[in-house]
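# Remarks on the overall topology
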Amino acid sequence: MPLIGSGALVAEAAAKQGAVAAFNIITLEHIEAVVEGAERAKSPVILQVSENAVAFRGGRLLPLARAAVAAAEAASVPVALHLDHVKRDELLRQAADAGFGSVMYDAAHLPYEENLAATRAAADWAHTQGLWIEAELGEVGGKDGKAPLDPHAPGARTEPQEARAFVAESGVDALAVAVGSSHAMTSRTAALDHELIARLRAALTVPLVLHGSSGVPDDELTRAVTGGIAKVNIGTALNIALTGAVRAHLAAHESVVDPRKYLAVGRTAMAETVARMIGVLGAG
Ligand code: G3H
Ligand code: ZN
């Protein structure tokens, strides 16, 4: 199928009170696993590449982007390509040419006025390129190996009226909200503030995005989607699946040297995670 925009997938999911899953890809195996898992679940999906993943590839966006575009076009379900947690304008400006239909611009670490000014400039530029743009207000913790934020720390939760003004003044198409999740959790123990999600849903007309979803238990995810989250970002869960499967395979087959042997096992484990997580989001 031809690539589709994240905006269309998110709008379609939101109209049905559902959410679209967006998985972070790092390797070719991630790409193949996400597409396979989505096909198994018969569901649309978003492949997303973070600025950190681009840094891992020596700052080069195209090798992973081109593989993702090719996999999306060969998929039997609709697939969108999203550039995630972009901080550098130089990377933002490569998005459209590399095949991305959407971006998440991340200036959430900056004070409010600076976040707003940077996000507004990014949104103005993105819209000239036909890109759908997501931004973040309040900061979802746990980025770049940092510890999760204390729930009472300033900015650890998104304030609804401030979010309303931020969206109106920046012109973004979706908002990532800080509601209790945190990035890179390897245990699924996060408790979401569902009352805050409801207040954000009521205050905003744009779709709400949940980051750091790997650490959120199934029932909390389902409840968040029912409560108005329309895009669910998942990264670490795939890496847990991949690494666990590869580690077990290598431990059981000490003489293996062909990477296809253990990467195949890792890819299958990721595809199972993808299908299962999509099922959780659709179970609201
Ligand atoms: O933007 C990416 C996500 O927020 C992924 O977070 O790795 O904790 O699932 P996660
Ligand atoms: Zn994130």
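Scoring rules and cut-offs
Residues numbered from 1 in each chain as written. Chains lettered and ligands numbered in written order. Predicted model: local features only at pLDDT ≥ 70, side-chain atom pairs only at ≥ 80, totals over all residues. Heavy atoms only, no water. Core = buried A, V, L, I, M, F, W, Y, C linked by side-chain atoms within 4.5 Å. Buried < 20%, exposed > 50% of the residue type's maximum accessible area, 1.4 Å probe, protein only. Helix = DSSP H or I, 4+ residues; strand = E, 2+ residues; numbered from the N terminus. Contact = heavy atoms within 4.5 Å. Near = heavy atom within 4 Å. Polar contact = N/O pair within 3.5 Å; in protein donor to acceptor, adjacent residues only side chain to side chain. Areas by Shrake-Rupley, 256 points an atom, 1.4 Å probe, with all protein chains shown as cover. Donors = N, O, S within 2.8 Å, 3.2 Å for Na, K, Ca; no water. Axes fitted to C-alpha atoms, helices over the stretch in contact; angles between N-to-C directions. Left-handed = near helix turned anticlockwise from the far one by under 90°. Nonpolar A, V, L, I, M, F, W, Y, C, P; charged D, E, K, R; others polar. Phe/Tyr/Trp six-rings, centres within 6.5 Å; stacked < 30°, edge-to-face > 60°. Pairing = 2+ DSSP bridges.

### Here we look at the nonpolar core
Phe23, Leu47, Val49, Leu61, Leu83, Phe100 and Leu175 are the most contacted members of the largest nonpolar core, which has 83 residues in total. If one sorts the elements of this core by residue count, helix H11 (residues 259-281) sits on top with eight residues. The contacts of Phe100, once residues within four sequence positions are left out, are Val49, Leu61, Ala65, Leu81, His82, Leu83, Ala95 and Leu131. Ranked by size, the runner-up nonpolar core spans 13 residues in total, among them Leu9, Ala13, Trp132 and Ala176.

### Overview of the site of ligand 1
By nearness alone, 14 residues border ligand 1, and Asp84, Ala184, Gly212, Ser214 and Thr236 come closest of all. Here an oxygen atom of ligand 1 sits 2.6 Å away from a polar atom, N or O, in the side chain of Asp84. Between an oxygen atom of ligand 1 and a side-chain N or O atom of His211, the distance comes to 3.2 Å. Computed on the free molecule, ligand 1 has an accessible area of 310 Å², of which 94% lies beneath the protein chains in the complex.

### So, the coordination of the zinc ion (ligand 2)
Looking at the zinc ion (ligand 2), the protein donor atoms are His85 (NE2), His183 (NE2) and His211 (ND1), and they sit 2.0 to 2.1 Å from it. As a motif over one chain, the donors of the zinc ion (ligand 2) read H-x97-H-x27-H. Placement of the pair is His85 in strand S3 (residues 79-86) and His183 in the loop between strand S6 (174-177) and helix H8 (194-203), with a sequence separation of 98 residues. When sorted by exposure, His85 lands in the same class as His183, which is buried.

### Looking at the packing of helix H7 (residues 160-170) against H8
Helix-helix packing: each pair is described by the crossing angle between the helix axes and the interaxial distance. It is the contact of H7 with H8, at a shortest axis distance of 9 Å, that shows an interaxial angle of 35 degrees. Relative to H8, the crossing made by H7 is right-handed. Residues Pro160, Gln161, Ala163 and Arg164 of H7 lie in contact with H8, whose contacting residues are Leu196, Arg199, Leu200 and Ala203. Taken together, the residues that form the contact of H7 with H8 break down as five nonpolar, one polar and two charged.

### Some thoughts on the packing of aromatic side chains
This structure, assessed with the given rule, holds one aromatic pair. Taking the centre distance of 6.0 Å and the plane angle of 65 degrees together, the rings of Tyr112 and Phe166 count as edge-to-face. With a gap of 54 residues between them, Tyr112 in helix H6 (residues 112-128) and Phe166 in helix H7 connect regions that are remote in the sequence. Residue classification places Tyr112 among the partly exposed residues on the basis of a relative accessible area of 22%. We classify Phe166 as buried; its relative accessible area is 0%.

### Some points on the sheet that holds strand S8 (residues 229-234)
Around the barrel, eight strands lie side by side as S1-S2-S3-S4-S5-S6-S7-S8; this closed barrel has parallel pairing. Strand-to-strand, the axes of this sheet are offset by a mean angle of 25 degrees, without reference to chain direction. Pairing of strand S2 (residues 45-50) with S3 involves six bridges; the strand directions are parallel. Paired with Val45 across the bridge in S3 is Val79. Along the sheet face, H6 touches strand S4 (102-105) and strand S5 (132-137) and points at about 175 degrees away from the line of S5.

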